[in-house]
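Architecture at a glance
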Amino acid sequence: MLGRPFVDGMMGDRALDHDDLGPRDGFPVILLHGFPLARGMWRHQAEALARDGFRVVLPDLPGHGRSASVDERSLATFAEAVLALADRLGLRRFALGGFSMGGYVAFEVVRRAPSRVAALMLVDTRAEPDSEEAQAGRHATAAKVRGQGAGVLVDAMLPKLLTERTRQEDPALADEVRRMILATPPEGAARALEAMAKREDQRVLLRELRVPTLVVVGEADALTPPSAAQVIADAVQGARLVVVPGAAHLTPMERPEGVTEPMRALLRGLT
Ligand code: MLT
């Protein structure tokens, strides 16, 4: 665990357990993790940014890590939970980062509260919705996870999260990721899959964005490939695209500096 865990009992099942790092008066940065992971995937970036003087808030999204699931299978609900957390912490404006599913949630946050987002960091994510085939695959996986547990996600996801080379050369990292997946409650993972299956097409939103934006992608990301990152970077006015060598999907953990340094460069411009 990175810092002080906190559960906001006032918000019922939407309360997001989170870490809150760095100085309380630092410029706030909220980082949203991917599926089926938890806040700890951002540990390298969070620790570096907190050292730089930013206040870094890392929620566990609904049904992941230590946050309860929500009944509604919708990423809009996830975004509302993130905004409610920002309200409770008194964060009026913040920089927002999202990895993969966290990026889908970040789009929903900015759609609801554009004036609150001072900068966007979109890491290994995509703006397009699922094809019908992808939706069917998500529902099949949700049924499997409910029946067999999160172990089925390890087999499906781990080879896509880290390159084969990293899995061989850094078994401790592979094990950390495996444990993070296994810690995801099956029902939380299943509901997230159902929510992702019906997510919006965000390409129109991107063209309207007027916020400093960074797009990062692992060069070997097969889940949200560099071509998907290029779509985002082409659509958002002034966006910077960084392609990180030697990384698959989970770039923030596989090549931490490749993500941290461009984030720092973007965030420095805000303070
Ligand atoms: C993630 O990493 O959050 C997921 O792979 C995203 C997805 O399945 O679309």
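Keep in mind the model is a prediction, meaning the values are calculated, not measured.

Rules behind the numbers
- Residues numbered from 1 in each chain as written.
- Predicted model: local features only at pLDDT ≥ 70, side-chain atom pairs only at ≥ 80, totals over all residues.
- Heavy atoms only, no water.
- Helix = DSSP H or I, 4+ residues; strand = E, 2+ residues; numbered from the N terminus.
- Buried < 20%, exposed > 50% of the residue type's maximum accessible area, 1.4 Å probe, protein only.
- Contact = heavy atoms within 4.5 Å.
- Areas by Shrake-Rupley, 256 points an atom, 1.4 Å probe, with all protein chains shown as cover.
- Lys, Arg positive; Asp, Glu negative; His and termini not counted.
- Charge placed at Lys NZ, Arg CZ, Asp CG, Glu CD.
- Near = heavy atom within 4 Å.
- Polar contact = N/O pair within 3.5 Å; in protein donor to acceptor, adjacent residues only side chain to side chain.
- Nonpolar A, V, L, I, M, F, W, Y, C, P; charged D, E, K, R; others polar.
- Phe/Tyr/Trp six-rings, centres within 6.5 Å; stacked < 30°, edge-to-face > 60°.
- Lys NZ or Arg CZ within 6 Å of the ring centre and 35° of its normal.
- Pairing = 2+ DSSP bridges.
- Axes fitted to C-alpha atoms, helices over the stretch in contact; angles between N-to-C directions.
- Salt bridge = Lys/Arg side-chain N within 4 Å of Asp/Glu carboxyl O.
- pLDDT = per-residue confidence, 0-100.
- Left-handed = near helix turned anticlockwise from the far one by under 90°.

**Considerations on the overall build of the protein**
What the protein contains, in helices and strands, is twelve helices and seven strands. Put simply, the protein has 271 residues, and 58% of those count as buried. Long-range pairs, those at least 24 residues apart, make up 78% of the contacts in the protein with a sequence separation of at least 6. Looking at the protein as shown, the accessible area adds up to about 10,800 Å², and 50% of this sits on carbon and sulfur atoms. With 34 positive and 36 negative side-chain charges, the protein shows a separation of 3 Å between the mean positions of the two kinds.

**Regarding the site of the ligand**
As a structural note, the neighbourhood of the ligand is formed by G34, F35, F99, S100, M101, Y104, R138, M157, M196, L223 and H249. A distance of 2.8 Å separates an oxygen atom of the ligand from a polar atom in the backbone of M101. Contact distances for the ligand include 2.5 Å between an oxygen atom and a side-chain N or O atom of Y104. Considered on its own, the ligand offers 270 Å² of accessible surface; in the complex 93% of this is hidden by protein. Split into classes, the residues belonging to the shell around the ligand amount to seven nonpolar, three polar and one charged.

**Structural notes on the packing of aromatic side chains**
This structure, assessed with the given rule, holds zero aromatic pairs. Against the face of Y104 rests R199, its NZ or CZ located 4.0 Å from the ring centre.

**Regarding the sheet that holds strand β7 (residues 240–244)**
Read across the open sheet, the seven strands follow the order β1-β3-β2-β4-β5-β6-β7; overall the sheet is mixed. Looking at which strands have only one partner, the edges of the open sheet turn out to be β1 (18–21) and β7. In this sheet, neighbouring strand axes are inclined to one another by 15 degrees on average, regardless of whether the strands run parallel or antiparallel. Each of β1, β2 (28–32), β3 (55–59) and β4 (94–99) is contacted by helix α2 (residues 75–88), which is oriented at about 155 degrees to β2, the strand it contacts most. Here helix α10 (residues 226–235) sits on the sheet in contact with β5 (117–123), β6 (213–218) and β7, set at roughly 170 degrees to β6.

**Structural notes on unusual backbone geometry**
For the peptide bond that leads from F35 to P36, omega is -15 degrees, which places it in the cis range. You can see P36 is positioned in the loop between β2 and α1 (43–51). Of note, the phi angle at S100 is positive, near 50 degrees, even though the residue is not glycine. As for its position among the elements, S100 is in the loop between β4 and α3 (101–112). The phi torsion at D124 lies on the positive side, around 45 degrees, for a residue other than glycine. Structurally, D124 is set in the loop between β5 and α4 (132–148).

**Notes on α1**
Among all positions of α1, only Q45, A46, A48, L49 and A50 are buried. Elements that come into contact with the buried residues of α1 comprise β1, β2, β3, α11 (251–254) and α12 (256–268). With its phi angle positive at about 105 degrees, G53 sits one or two positions after the end of α1.

**Remarks on the pattern of salt bridges**
In this structure the tally under the stated criterion is 25 salt bridges. Between D60 and R39 there is a salt bridge, and its shortest N-O distance comes to 3.0 Å. One end of the pair, D60, is in the loop between β3 and α2; the other, R39, is in the loop between β2 and α1, and 21 residues separate them in sequence. Here the two residues D60 and R39 agree in accessibility, since each one is buried. The network of salt bridges with common partners includes D71, R73, R146, E187, R191 and E194.

**Thoughts on the confidence of the model for the protein**
A residue-level look at the protein finds 95% of positions with pLDDT of 70 or above and a mean pLDDT of 94. Throughout residues 1–13 the model reports pLDDT below 50, and contacts reaching past four residues in sequence, or to other chains, amount to 35 contacts.

**What about the side chain of E108?**
On the secondary structure map, E108 appears in helix α3. One polar contact links E108 to Q202, side chain to side chain, over a distance of 2.9 Å. Residue contacts for E108: discarding those within four places in its chain leaves L75, A76, A79, E200 and Q202.

**Examining the packing of α1 against α12**
At their nearest, the axes of α1 and α12 sit 9 Å apart, and the two run at 35 degrees to each other. Of the two elements, α1 crosses α12, and the hand of that crossing is right-handed. Here α1 contributes H44, Q45, A48 and L49 to the contact with α12, which in turn contributes P256, V259, T260, M263, R264 and L267.

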